[in-house]
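# Structure assessment
Spelled out from the first residue to the last, the chains are:
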Amino acid sequence: MMGAVAKPTIGIIGTGAIGGFYGVMLARAGFDVHFLLRSEFSAVAERGLHVDSAPYGAMTLSPVQAYSTAEDMPPCDWLLVGTKTTSNANLASAILQAAAPNARVLLLQNGLDVEDSLRERLPDSLHVLGGLCYICVHREGPGVITHQALGAVHVGFHSGPAADATARAAIVEEGVGLFRAAGIDSQAMANLHQARWQKLVWNIPYNGLSVLLGASTTPLMADADSRELIRALMAEVVLGATACGHDIPAGYAEHLFMVTERMPDYWPSMYHDFLHKRPLELAAIYTRPLAAAKAAGCELPRIEALYRSLSFIDRRNT
């Protein structure tokens, strides 16, 4: 645990599957955790948060320190953002209302450059970090979360008033320490931008194909044609990352492919958004990587085709 140091106050902005799961784990570890909710506020305030976890068993947090508006939250030293990137335009005001001076804002979101647009809307006094969640988790209903497998969080520094590399590393280690104290595997990432490209090696094929083909991971991995398509899409992500100056470790894509083969059957988050007629996270997961690769002189035709198909589906769906 964190020794004699006073435990930080933690705020969860967006208590969906990601925010709910990590928030419950941190609260169970004795941290002072405050949850911001929108549509599910009354359900969670009345009945608490329930996580049905394959690794950890059934967990209930009740009562929950739940809020329907950020201005009611206490000043938080750490803010964990679990909202969808599609609502990032409205994020800054909630963060400003809930942040303690010098707070650390950790974006637990998918996609490329999600920190950049938020950084412009925040004061220089706040630190912005990125977090990559390697986890199979989804919402079953209001305040009810199913956790199937995995759970690691990788943390990297984006920007803020930290004076030098040592100070930045200390803030990242502080974040890593929160998760580890809650029994969650966590590690520091030296290069947040490269790590986001690496996460796209999984997100670009599986999120998009789940919507396009109406299939979860097990059937996608069981069919010869979808397997080939997944491998080809993964190879293009690596190509794009390399063009942008990031050396993805050799065999990384194949490693993710094999991990997915061993995973329990999983519907990626984009499929859940499609199912519930929410906007798909196309800008963060497809538009920005395609634009970055193109600016580096690299065309990614398969990803481009997948993106165009998803854009059509998204417009008809919402």
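All values derive from a computational prediction rather than experimental measurement. (Residues numbered from 1 in each chain as written. Predicted model: local features only at pLDDT ≥ 70, side-chain atom pairs only at ≥ 80, totals over all residues. Heavy atoms only, no water.)

Attention shifts here to unusual backbone geometry. Residue Pro63 is reached from Ser62 by a cis peptide bond, and omega for that bond is 0°. Relative to the elements of secondary structure, Pro63 occurs in the loop between strand 4 (57-61) and strand 5 (66-67). We note that Asp113 has phi near 60°; this positive angle belongs to a residue other than glycine. The topology assignment puts Asp113 in the loop between strand 7 (99-107) and helix 4 (114-119). At Leu150, a position not held by glycine, the phi torsion is positive, near 60°. Among the secondary structure elements, Leu150 is positioned in strand 9 (residues 144-159). (Helix = DSSP H or I, 4+ residues; strand = E, 2+ residues; numbered from the N terminus.)

One finds Ile10, Tyr22 and Leu80 to be the most contacted residues of the largest nonpolar core, which totals 43 residues. Counting residues per element, this core draws most heavily on helix 1 (residues 17-28), which supplies eight residues. Once residues within four sequence positions are removed from consideration, Ile10 is found in contact with Leu26, Phe31, Asp32, Val33, His34, Cys76, Trp78, Leu80 and Leu178. Of all hydrophobic cores here, the second largest spans 40 residues; its members include Trp197, Leu200, Leu209 and Leu290. (Core = buried A, V, L, I, M, F, W, Y, C linked by side-chain atoms within 4.5 Å. Buried < 20%, exposed > 50% of the residue type's maximum accessible area, 1.4 Å probe, protein only. Contact = heavy atoms within 4.5 Å.)

Let us look at the packing of aromatic side chains. Across all of its chains, the model carries eight aromatic pairs by this definition. Among the aromatic residues, ring-to-ring pairing joins Phe21, Tyr22, Tyr56 and Phe179 into one connected group. Sitting over the ring of Phe31, Lys7 keeps its end group 4.7 Å from the ring centre. Over the aromatic face of Phe257 sits the side chain of Arg231, whose NZ or CZ is 3.9 Å from the ring centroid. (Phe/Tyr/Trp six-rings, centres within 6.5 Å; stacked < 30°, edge-to-face > 60°. Lys NZ or Arg CZ within 6 Å of the ring centre and 35° of its normal.)

This brings us to the side chain of Asn88. Locating Asn88 in the fold gives a position in the loop between strand 6 (76-81) and helix 3 (91-98). Residues in contact with Asn88, not counting those within four places in the same chain, are Thr83, Gln109, Val114 and Arg121.

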